[in-house]
Amino acid sequence: MALVPAAGQGVRLGESMPKAFVPIGGSPMLTLAVDGLIASGVVDHIVIMVPAELIERAGALVADRNSVSVVAGGAERIDSVRAGLAAAPQATHILVHDAARALTPPSLIARVVAALRTGQRAVVPGLPVTDTVKSVDAHGVVTGTPDRGGLRAIQTPQGFEAQLLREAYALDLPATDDAGLVERLGARVHVIPGDPMAFKITTPLDLRLADELLADRPAARAVAR
């Protein structure tokens, strides 16, 4: 089972429509993300969470894809995932995958699920951080320089034992990703190698890069179809 939060407005992208509906190479991010999940061969059902007024539009985009359903999301990402969980009461394992990571390779999705199948309860893909990272205070003064060797930039899909994820969302605490909530329970989160193509499309520069990559990579074009 996979949940795809797609209710965000994507203000930083500078587009006039919700981010998940912005096209890349002629296809909305949402359909690219869904098709990547399907192409992985390890996802049996997908639930998409969109603004209530866009349910019909989203349904039309995935009408010819089996085992995909659309439900109303919420004002915040955490609300959308909670709505997706409510729509998947029978799931035993759940992937949460951002529509904005539209070019995520199916092979990465399959590797997340493979790690879950080995008995891991929470699995996230991540890339080593290449920039120097500094912590700063409210006045912009550097307070420290963490060793980047132990840092990872986390991507999606993030995979979980379903009951663990439900317990994490029952905490009703803020978090920037699903694994952050699971960590609050004291559960161990396992990191596997991510993929540069799973980058998050957030800014106009990201969108331009995604367009160029989709145009240049036959494998990406195949997923877009």
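Residues numbered from 1 in each chain as written. Predicted model: local features only at pLDDT ≥ 70, side-chain atom pairs only at ≥ 80, totals over all residues. Heavy atoms only, no water.

Draft legend 1. Quick look at the pairing of strand β7 (residues 122-128). Counted residue by residue, β7 has 5 buried out of 7 residues, so it is predominantly covered. As judged from the 2 bridges shared by β7 and strand β11 (residues 158-161), these two strands associate in the antiparallel manner. Bridge pairing links A122 to F160 in β11. Where β7 and strand β12 (residues 190-193) come together, 4 bridges link them in parallel fashion. Bridge pairing in β12 links V124 to V191. Pairing geometry for β7 and strand β10 (residues 152-154), over 3 bridges, is antiparallel. (Buried < 20%, exposed > 50% of the residue type's maximum accessible area, 1.4 Å probe, protein only. Helix = DSSP H or I, 4+ residues; strand = E, 2+ residues; numbered from the N terminus. Pairing = 2+ DSSP bridges.)

Draft legend 2. Examining unusual backbone geometry more closely. Following T156, the chain continues to P157 via a peptide bond in cis, the omega torsion being 10 degrees. Its place among the elements puts P157 in the loop between β10 and β11. Backbone geometry at S67 places phi at a positive 60 degrees, although glycine is not the residue there. Along the polypeptide, S67 turns up in the loop between α2 (55-61) and β5 (68-72).

Draft legend 3. Layout of the nonpolar core. In terms of nonpolar packing, the biggest core is built from 28 residues, with L30, L37, I46, I48, V50 and L95 touching the most fellow members. Broken down by secondary-structure element, the contributors of at least two residues to this core are β1 (2-5), α1 (29-40), β4 (46-50), β5 and α4 (106-117). If one sorts the elements of this core by residue count, α4 sits on top with 6 residues. With near-sequence residues (within four places) excluded, I46 lies in contact with A2, V4, V34, L37, I38, S67, V68 and S69. Counting residues in hydrophobic clusters, the runner-up holds 23 residues, among them V47, M49, A162 and Y169. (Core = buried A, V, L, I, M, F, W, Y, C linked by side-chain atoms within 4.5 Å. Contact = heavy atoms within 4.5 Å.)

Draft legend 4. Structural context of α4. Spanning 12 residues, α4 covers 17 Å between terminal C-alpha atoms, matching the ideal 16 Å at 1.5 Å per step. Residues L108, I109, V112, V113, A115 and L116 constitute the buried set of α4. Down the axis of α4, the sector holding all buried residues measures 155 degrees, keeping them to one side. Tucked inside the fold, the buried residues of α4 contact α1, β6 (93-96), β7, β11 and β12. Looking one or two residues beyond α4, the residue adopting positive phi is G119, at roughly 115 degrees. (Expected span 1.5 Å × (residues − 1). Arc of directions from axis to C-beta.)

Draft legend 5. Spatial organisation of the side chain of R65. Assignment of secondary structure puts R65 in the loop between α2 and β5. Each residue touching R65, except ones within four places of it in the same chain, is listed here: T31, V34, D35 and I38.

Draft legend 6. The arrangement of the pattern of salt bridges in detail. If you walk through the whole model with that rule in mind, you get 7 salt bridges. Across the pair D64 and R65 runs a salt bridge whose closest N-O atoms are separated by 2.7 Å. Measuring nitrogen to oxygen at the nearest pair gives 3.0 Å for the salt bridge that ties D178 to R77. Here D178 is found in helix α6 (residues 178-184), whereas its partner R77 is found in helix α3 (residues 77-86), with 101 residues between them in sequence. The network of salt bridges with common partners includes R77, D98, R101 and D178. (Salt bridge = Lys/Arg side-chain N within 4 Å of Asp/Glu carboxyl O.)

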